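Architecture at a glance
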Amino acid sequence: MADEALFQFLHNEVIQYVYKSAENGEMENGRCVSKLEHLGFRVGQGLIERFTKDTSRFKDELDVMKFICKDYWTSVFKKQIDNLRTNHQGIYVLQDNKFRLLTQLSSGKQYLEHAPKYLAFACGLVRGGLSNLGVRSIVTAEVSVMPACDIRIMIKQVN
């Protein structure tokens with residue numbers, strides 16, 4: 001329980017720090033989400049190394065995605081993804097109906113505009129983890145109703 005609160009407080013402070021830096025002219029406002037995503041990417045790379053060091057190799061892309069949804073997401077956010085959908089052509093949608101980093105925000109529609117800054121780090125975590133597993137991807141998130149979110153993963157095919 002304490003580690004959960006610690007993670008949420010740290011996450012909120014990182015967001016505040018990045019956005020305050022933008023106000024002080026250290027970076028443009030538009031780059032804040034990218035900065036948060038990059039921080040998540042680096043953390044995701046490190047986490048996936050620790051979580052997979054005793055794991056056998058994955059058979060295919062779908063096995064990697066199942067690992068991300070079950071083991072990786074559970075280790076980071078203390079719950080599994082609620083739903084995994086795919087079109088079997090390299091696009092996956094991970095649904096979390098009660099995303100932990102959005103639960104502290106009010107569920108009113110006026111807070112939807114603040115959701116991207118709370119999702120950027122998580123997108124980076126997923127992209128960084130996939131990157132270290134050899135899967136190049138583009139990861140985005142969207143929220144239509146708080147605190148649920150959809151994490152979209154588009155796999156970049158290597159030619």
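Above this text sits the structure in question.
Here the structure is a predicted model, which is why all the values come from computation and not from measurement.

What counts, and at which threshold
Once a new chain begins, its residue numbering starts again from 1 and follows that chain's sequence as written. Whole-chain, interface and lining totals are the exception, using all residues; otherwise, since this is a predicted model, local features are given only for residues with pLDDT of at least 70 and side-chain atom pairs are given and counted only at 80 or more. Note that water and hydrogens are dropped before the side-chain values are worked out from all heavy atoms of the structure. To qualify as a helix, a DSSP run of H or I must reach at least 4 residues; to qualify as a strand, a run of E must reach at least 2; elements of each kind are numbered from the N terminus. Exposure categories follow from relative accessible area, calculated using a 1.4 Å probe and restricted to protein chains: below 20% of the type maximum is buried, above 50% is exposed, and the middle band is partly exposed. Think of it this way: the bend at a residue is just the angle between two axes, each fitted to seven residues, one set ending at that residue and the other starting at it.

To continue, consider the environment of glutamine 89. Summarising the element assignment, glutamine 89 is placed in the loop between strand 1 (83–86) and strand 2 (91–96). On the basis of relative accessibility, which here comes to 65%, the residue glutamine 89 falls in the exposed class. Along the chain, glutamine 89 and methionine 154 lie 65 residues apart, while their C-alpha atoms are 9.0 Å from each other.

Attention now goes to the environment of serine 75. Take serine 75: it is sitting in helix 3 (residues 61–77). Exposure remark for serine 75: the relative accessible area of 35% places this residue in the partly exposed category. Sequence-wise, serine 75 and phenylalanine 51 are 24 residues apart; in three dimensions their C-alpha atoms are separated by 8.6 Å.

A word on helix 3. At isoleucine 68, helix 3 shows its maximal bend, which comes to roughly 35°. Listing the buried residues of helix 3 in full gives Val64, Met65, Phe67, Ile68, Cys69, Tyr72, Trp73, Val76 and Phe77. One or two steps after helix 3, the chain reaches lysine 78, where phi turns positive at roughly 65°.

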